[in-house]
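Fold and contact review
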Amino acid sequence: MQHKVTTSSGIKNLDESTGGYPGWVFNIVETPDHQSGLLLLGHFLKEGLKKGERCTIVTLEDPLALFQSFSTWGLDFYEYVRSEQLVFLFYQPFVTTEIGMTNDYRGLMKELEKLSVNPPERIAFHQVDALLNLHSHTLINSCVQKLAAAAASTSATVLAQYTQFNSRVYRDIRIAFMNNMPGFFTLKAEGRSPKSGNPLYRLTVDRVPWFHTDDERYLLELEKEHGFTAAEEGTIRNVDEAA
């Protein structure tokens, strides 16, 4: 039976086409830089918060710095944090290293639910690669399998981000996530809009078996105080021609 449940992403053209990300499962998005990855998580969380859903973000960065980054792009979470509808869980690097070494992902998921006041309906992982043991391809793959199994115990929709680097380790990470996670998406930089000069990105649906995607792609424009918006039809051809 095909998986029909979706969770809105906050990205207009993706939501209109597929309904968003696969719901109640672990989704991965690979991004070209820190900023774009953080923004995809921000849109995902804001969409849920507007619907009255409980949300949690897991990060290695100081929450205050994240607040400031989100606010720059028009994503204000302050009131949601005050009301505890949104919970920030800040992990020190030594904690994530220990999790990666012990593979205690079930303990992590239980801790998330406990610390989130009420079980969250959306969970965002910022820099999820920090939770993996990166010492070999075998260890990376084992960690990803165990992380996927642990996430299956929660009813939340999970969106996790990591930044891609041109190295063997990160190629192994991509392969492991592609092979083991129900949803996998790639965000790539596409230059700048010839009209506005804003950065353009292409969001690709790489693995969502219950959608007939045929390598479905969505062109996004990054606008100050608005974050990601749907780019105009034909913009990507102009960029390619200029290249």
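Structure first, text after, so check above.
Figured I'd write up the structure that's included with this text.

Calculation notes
Residues numbered from 1 in each chain as written. Predicted model: local features only at pLDDT ≥ 70, side-chain atom pairs only at ≥ 80, totals over all residues. Heavy atoms only, no water. Helix = DSSP H or I, 4+ residues; strand = E, 2+ residues; numbered from the N terminus. Rg over C-alpha atoms; globule rule 2.2 N^0.38 Å. Buried < 20%, exposed > 50% of the residue type's maximum accessible area, 1.4 Å probe, protein only. Contact = heavy atoms within 4.5 Å. Areas by Shrake-Rupley, 256 points an atom, 1.4 Å probe, with all protein chains shown as cover. Lys, Arg positive; Asp, Glu negative; His and termini not counted. Charge placed at Lys NZ, Arg CZ, Asp CG, Glu CD. Phe/Tyr/Trp six-rings, centres within 6.5 Å; stacked < 30°, edge-to-face > 60°. Lys NZ or Arg CZ within 6 Å of the ring centre and 35° of its normal. Salt bridge = Lys/Arg side-chain N within 4 Å of Asp/Glu carboxyl O. Pairing = 2+ DSSP bridges. Axes fitted to C-alpha atoms, helices over the stretch in contact; angles between N-to-C directions. Left-handed = near helix turned anticlockwise from the far one by under 90°. Nonpolar A, V, L, I, M, F, W, Y, C, P; charged D, E, K, R; others polar.

Turning our eyes to something else, we now look at the overall build of the protein. When its secondary structure is counted, the protein shows nine helices and 11 strands. In terms of overall size, the protein behaves like a compact globule, its C-alpha atoms giving a radius of gyration of 17 Å where 243 residues would be expected to give roughly 18 Å. Principal-axis analysis of the C-alpha atoms places the extent of the protein at approximately 50 × 40 × 40 Å. The buried share of the protein, taken over its 243 residues, is 51%. Long-range contacts, defined here as pairs at least 24 residues apart, represent 68% of the contacts in the protein between residues at least 6 apart. For the protein, the exposed area adds up to about 11,600 Å²; of that, 49% sits on carbon and sulfur atoms. Across the protein, the 23 positively charged side chains and the 30 negatively charged ones have centroids separated by 3 Å.

So, on to the packing of aromatic side chains. Here the structure, examined in full by the defined rule, presents nine aromatic pairs. Each ring, one from Tyr21 and one from Phe185, has its centre 5.0 Å from the other, and the planes form 90°; the classification is edge-to-face. Taken together, the residues span a long stretch of sequence, with Tyr21 in strand S2 (residues 21–22) and Phe185 in strand S8 (residues 183–192) at a distance of 164 residues. Relative to Tyr170, the ring of Phe165 lies with its centre 5.2 Å away and its plane at 70°, an arrangement referred to as edge-to-face. On the basis of relative accessibility, which here comes to 47%, the residue Phe165 falls in the partly exposed class. When its relative accessible area of 12% is taken as the criterion, Tyr170 is described as buried. Through pairs of rings, three or more aromatic residues link up here, namely Tyr162, Phe165, Tyr170 and Phe177. We note Lys46 situated over the ring of Phe77; from NZ or CZ to the ring centre the distance is 5.9 Å. Stacked on the ring of Phe44, the Lys or Arg Arg122 has its end atom at 4.9 Å from the ring centre.

According to the stated counting rule, one finds eight salt bridges in the structure shown. Asp206 is the partner of Arg174 in a salt bridge, and the nearest nitrogen-oxygen pair spans 3.9 Å. With Arg174 in helix H8 (residues 168–180) and Asp206 in strand S9 (residues 199–207), this residue pair connects regions lying 32 residues apart in the sequence. Connected via shared salt-bridge partners are Glu30, Arg174 and Asp206.

Let us look at the sheet that holds strand S6 (residues 122–126). Read across the open sheet, the nine strands follow the order S5-S4-S6-S7-S3-S8-S9-S10-S11; overall the sheet is mixed. Strands at the two margins of the open sheet, each flanked by one partner only, are strand S5 (86–90) and strand S11 (227–230). Averaged over all pairs of adjacent strands, the angle between their axes in this sheet comes to 25°, without regard to strand direction. Here five bridges tie S9 to strand S10 (residues 217–223), and the two strands are oriented antiparallel to one another.

A positive phi angle, near 65°, is found at Glu84, a position not held by glycine. Residue placement: Glu84 occurs in the loop between helix H4 (78–82) and S5. Of note in this structure, Asn103 is not a glycine but carries a positive phi near 60°. Among the structural elements, Asn103 can be located in the loop between helix H5 (93–102) and helix H6 (105–115).

As a further point, take the packing of H6 against helix H7 (residues 137–151). Across the interface, H6 lies against H7 with an axial gap of 8 Å and an inter-helix angle of 35°. The handedness of the crossing between H6 and H7 is right-handed. Contact residues: H6 offers Tyr105, Arg106 and Met109, while H7 offers Cys143, Lys146, Leu147, Ala149, Ala150 and Ala151. When its residues are assigned to classes, the contact of H6 with H7 shows seven nonpolar, no polar and two charged.

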